[in-house]
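Geometric and topological summary
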Amino acid sequence: MTFAIAIDRVSKTFPASKAAVAALQDITLEIPAGQFVCLLGPSGCGKSTLLNTVAGFTGPDSGTVLVHGSPVAGPGPDRGMVFQEYALFPWMTVAQNVGFGLEVKGMGKKAVRGRVDALLRLLALSEFADRYPKELSGGMRQRVAIARILAIDSPILLMDEPFGALDALTRRSLQDELLRLWAELGKTVLFVTHSIEESIFLADRIVVMTYRPGTVKRDLAVALPRPRDPASPEFNRLKRELSDLVTSEQSRHEADERHAVTAD
């Protein structure tokens, strides 16, 4: 079976002034096409490093990453990345931002306009087509960032805490929107979050990572039917289980920091 993403015994260490930092250690994950997977864990557990490795922004020190059976040698159009910081061009309008990747690929102006118009309708952005990012709310800017990635039609979406800077109501609205798009378009999603509730609300599967070096502590399938109710007993049972797992890693993180301060 060829997986959308296959991570095999990946390790990564970064140099530092005092001592090298082991970010990832012997991580193995296989993600089928169309699955929604959340990487969950405390700050410093290597979630973003693992995502960047799949994206091709950084290479592993050992192990391999395959996307649809081919080794990852760098960024590529088969993987679209959505960041927390929106990463929009401030001098471009909404429509220009969404169409930028298509123009770079050499698509004709008429075809670009048709694709952009369709995506703006899909994400309820049509009336904002001629606005600039500074004229939009944080939630609207993130919609534009998602539309821009969808424009190039990558089968895999890599999302690094894309809703982390948003208020609770906007965050829930965009979570619902993302689930609608995922169900409609059939993308494979690898989503980094530190929010336990967000991971349960979104994912088919939650991979809990240990504090540094990041390893897979638990790989949990989420069997709750959609749409999911955060007030349900089943949702909260899983929330408590995940909270225990993440809290134990956070406690280990804090103990390491206290030890480092004492050693200094």
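Basis of the calculations
- Residues numbered from 1 in each chain as written.
- Predicted model: local features only at pLDDT ≥ 70, side-chain atom pairs only at ≥ 80, totals over all residues.
- Heavy atoms only, no water.
- Pairing = 2+ DSSP bridges.
- Helix = DSSP H or I, 4+ residues; strand = E, 2+ residues; numbered from the N terminus.
- Axes fitted to C-alpha atoms, helices over the stretch in contact; angles between N-to-C directions.
- Contact = heavy atoms within 4.5 Å.
- Core = buried A, V, L, I, M, F, W, Y, C linked by side-chain atoms within 4.5 Å.
- Buried < 20%, exposed > 50% of the residue type's maximum accessible area, 1.4 Å probe, protein only.
- Lys, Arg positive; Asp, Glu negative; His and termini not counted.
- Salt bridge = Lys/Arg side-chain N within 4 Å of Asp/Glu carboxyl O.

1. A few points about the sheet that holds strand E10 (residues 216–221)
Backbone-to-backbone hydrogen bonds pair the strands of a sheet. The strands run either parallel or antiparallel. In space, the 6 strands of this open sheet follow the order E6-E7-E8-E3-E9-E10, with mixed pairing throughout. This sheet does not close on itself; its edge strands, each paired only once, are strand E6 (79–82) and E10. Ignoring strand direction, the axes of neighbouring strands in this sheet form an average angle of 15°. Here 5 bridges tie strand E9 (residues 205–209) to E10, and the two strands are oriented antiparallel to one another. Bridging from a neighbouring strand, Ile-206 pairs with Leu-220 of E10. Most of the contacts of helix H4 (residues 138–151) go to E6, to which it runs at about 170°, and overall it touches E6 and strand E7 (156–160).

2. Focus: the nonpolar core
Soluble globular proteins: nonpolar side chains tend toward being buried together. Phe-36, Val-98, Phe-191 and Leu-242 are the most contacted members of the largest nonpolar core, which has 53 residues in total. Of all hydrophobic cores here, the second largest spans 25 residues; its members include Ala-4, Ile-5, Val-67 and Leu-158.

3. Side note on the side chain of Glu-161
Structurally, Glu-161 can be placed in the loop between E7 and helix H5 (168–185). Salt bridges are absent for the buried Glu-161, whose nearest opposite-charge side chain, Lys-47, sits at 4.9 Å.

4. Examining unusual backbone geometry
Residue Arg-212 is joined to Pro-213 through a cis peptide bond whose omega torsion reads 0°. Among the secondary structure elements, Pro-213 is positioned in the loop between E9 and E10. With an omega of -5°, the peptide bond running from Arg-226 to Pro-227 counts as cis. Mapped onto the secondary structure, Pro-227 falls in the loop between E10 and helix H7 (233–263).

5. Details of the pattern of salt bridges
One pass over the structure, following the stated rule, counts 16 salt bridges. The closest approach of N and O atoms between Arg-9 and Asp-8, which form a salt bridge, is 3.2 Å. Overall, the relative accessible area of 51% leaves Arg-9 in the exposed class. Judged by relative accessible area, Asp-8 falls into the partly exposed class, the value being 30%. In this structure, Arg-180 and Glu-177 form a salt bridge, with 2.4 Å as the shortest nitrogen-oxygen distance. In this pair, Arg-180 and Glu-177 are both assigned in helix H5, 3 residues apart and thus about one turn of the helix distant. Judged by relative accessible area, which is 34%, Arg-180 ranks as partly exposed. Judged by relative accessible area, which is 15%, Glu-177 ranks as buried. A cluster of three or more residues bridged by salt bridges with shared partners is formed by Arg-143, Glu-177, Arg-180 and Glu-184.

6. Some details on the sheet that holds strand E4 (residues 62–67)
Taken together, the 4 strands give an open sheet; going across it, the order is E2-E1-E4-E5, and neighbouring strands pair in antiparallel fashion. Looking at the sheet topology across the chains shown, the edges are occupied by strand E2 (21–31) and strand E5 (70–71). The pairing of strand E1 (residues 5–14) with E2 spans 7 bridges and is classified as antiparallel. Considered in E2, the bridge of Val-10 is made with Ile-27. Lying on the sheet, helix H1 (residues 47–55) is in contact with E1, E2 and E4; it crosses E2 at an angle near 60°.

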